[in-house]
Amino acid sequence: MSLLCRNVEAQDSLPAHNTLPVIGNLNTRDTVFKQYLADVETARRRLFGQNQNNHDIYSLLQIYSYTPKNDEDVFRLSARCNIPYSALVTLNRINHPESFSGPILLPTIPGLYIPENPANDLERLLSLSRETEGGEIITVRSGGNSLRFLFFPGEDFNPTERSFFLNRGFRFPLRNYRISSSFGMRPNPFTGKPHFHNGVDLAAPIGTEVYATREGRVTELGNDPVFGNYIVIAHDNNWASLYGHLSAISIQRHSHVTTSTVIGKVGTTGQSTGPHLHFELRKNGTVLDPTKLLFR
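A few points on the structure. Small disclaimer: the values here were computed from a predicted structure and weren't measured.

**Section: the packing of aromatic side chains**
Here is step 1: The tally for this structure, following the rule as stated, stands at eleven aromatic pairs.
Here is step 2: Taken together, a centroid distance of 5.7 Å and an interplanar angle of 25° make the contact between Tyr85 and Phe165 stacked. In this pair, Tyr85 is assigned in helix 3 (residues 85–91) and Phe165 in helix 5 (residues 159–166), connecting sequence segments 80 residues apart.
Here is step 3: Classification of Tyr85 as buried rests on a relative accessible area of 14%.
Here is step 4: Judged by its relative accessible area of 0%, Phe165 falls in the buried class.
Here is step 5: Pairwise contacts between aromatic rings join Phe75, Tyr85, Phe157 and Phe165 into one cluster.
Here is step 6: Residue placement shows Arg175 over the ring face of Tyr211; its charged tip is 3.8 Å from the ring centre.
Here is step 7: We note Arg214 situated over the ring of Phe170; from NZ or CZ to the ring centre the distance is 4.6 Å.

Dropping the structure here:
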């Protein structure tokens, strides 16, 4: 890993304080956007040309500022700017598609920008799955703060990283489990009558560690006649997850959690016929099948 630190200025998007070129609209009638596309093309020819010489590719790295319109997501912006969405996502520290908003930074060189201090689950995955050799340390100054990235020119998400980003970063809360009861209609195990099961039951030995399914904040925990010891975690964009029948709770209300946070242990408290975790996912208060959303 090179120890050379290259400084890339990126300040507030307000014109009075901004030293960055500001793009107003993503069309070639906007002279700043037209220049941006030319800078991207120059960098791509140098990066992917037949006579590759990446020794000074970093000198071509420039950063522009743009505020997306309401109908522009990260994928549309990527296509319009001729920059892979992985570059936009990592530079702007976006951990899943639904969190894309606000003024963003547009780099002229495609690649991965991995923060020196990972702060979300996608960044941790990127830092763990890549060697430091071949990266370049750059400093990006944004909003009065300096952020250091390890920059890998021309690299893209691998299949695991892409899947993790596209499925919103949900992961199964147990590392080892057996699905003992699926989402949907089933006979109630206590009454035998038809009953809609709002989540999935993941069978595992008592004491098995339970992890948060995604980054979020604990909004509720306690004991319930049905769920026993339970935890509710709120996530971005009106998602929530519930964990029931726990033998122990390892966190406190209002705690911030990630997928590496142990929040409790599998148990059989409440209405339970054996050791398992009852797990639910809700979007805007509506229960959804977790098995169709989770990253294994």
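**Topic: the nonpolar core**
Here is step 1: Membership of the largest hydrophobic core comes to 45 residues, with the highest contact counts inside it found for Tyr36, Leu77, Leu106, Ile109 and Tyr113.
Here is step 2: Contacts of Tyr36, omitting those with residues within four sequence positions, involve Ile23, Tyr64, Cys81, Ile83, Leu106, Pro107 and Thr108.
Here is step 3: Core analysis: the second largest hydrophobic core is formed by 23 residues, Ile233, Tyr243, Leu246 and Leu293 among them.

**Quick word on the side chain of Ser241**
Here is step 1: In this structure, Ser241 sits in strand 15 (residues 239–249).
Here is step 2: What makes Ser241 buried here is its relative accessible area of 1%.
Here is step 3: In terms of polar contacts, Ser241 uses its side chain to reach the side chain of Tyr243, at 2.8 Å.
Here is step 4: Non-local contacts of Ser241, meaning those with residues more than four positions away in its chain, are made with Thr213, Ile231, Val232, Ile233, His235, Phe279, Glu280 and Leu281.

**Some words on helix 4 (residues 121–129)**
Here is step 1: Residues Asp121, Leu122, Glu123 and Leu126 constitute the buried set of helix 4.
Here is step 2: Against the buried residues of helix 4 lie helix 3, strand 5 (111–115) and helix 5.

What counts and how
Residues numbered from 1 in each chain as written. Predicted model: local features only at pLDDT ≥ 70, side-chain atom pairs only at ≥ 80, totals over all residues. Heavy atoms only, no water. Phe/Tyr/Trp six-rings, centres within 6.5 Å; stacked < 30°, edge-to-face > 60°. Helix = DSSP H or I, 4+ residues; strand = E, 2+ residues; numbered from the N terminus. Buried < 20%, exposed > 50% of the residue type's maximum accessible area, 1.4 Å probe, protein only. Lys NZ or Arg CZ within 6 Å of the ring centre and 35° of its normal. Core = buried A, V, L, I, M, F, W, Y, C linked by side-chain atoms within 4.5 Å. Contact = heavy atoms within 4.5 Å. Polar contact = N/O pair within 3.5 Å; in protein donor to acceptor, adjacent residues only side chain to side chain.

Read these as spatial facts, not as claims about activity.
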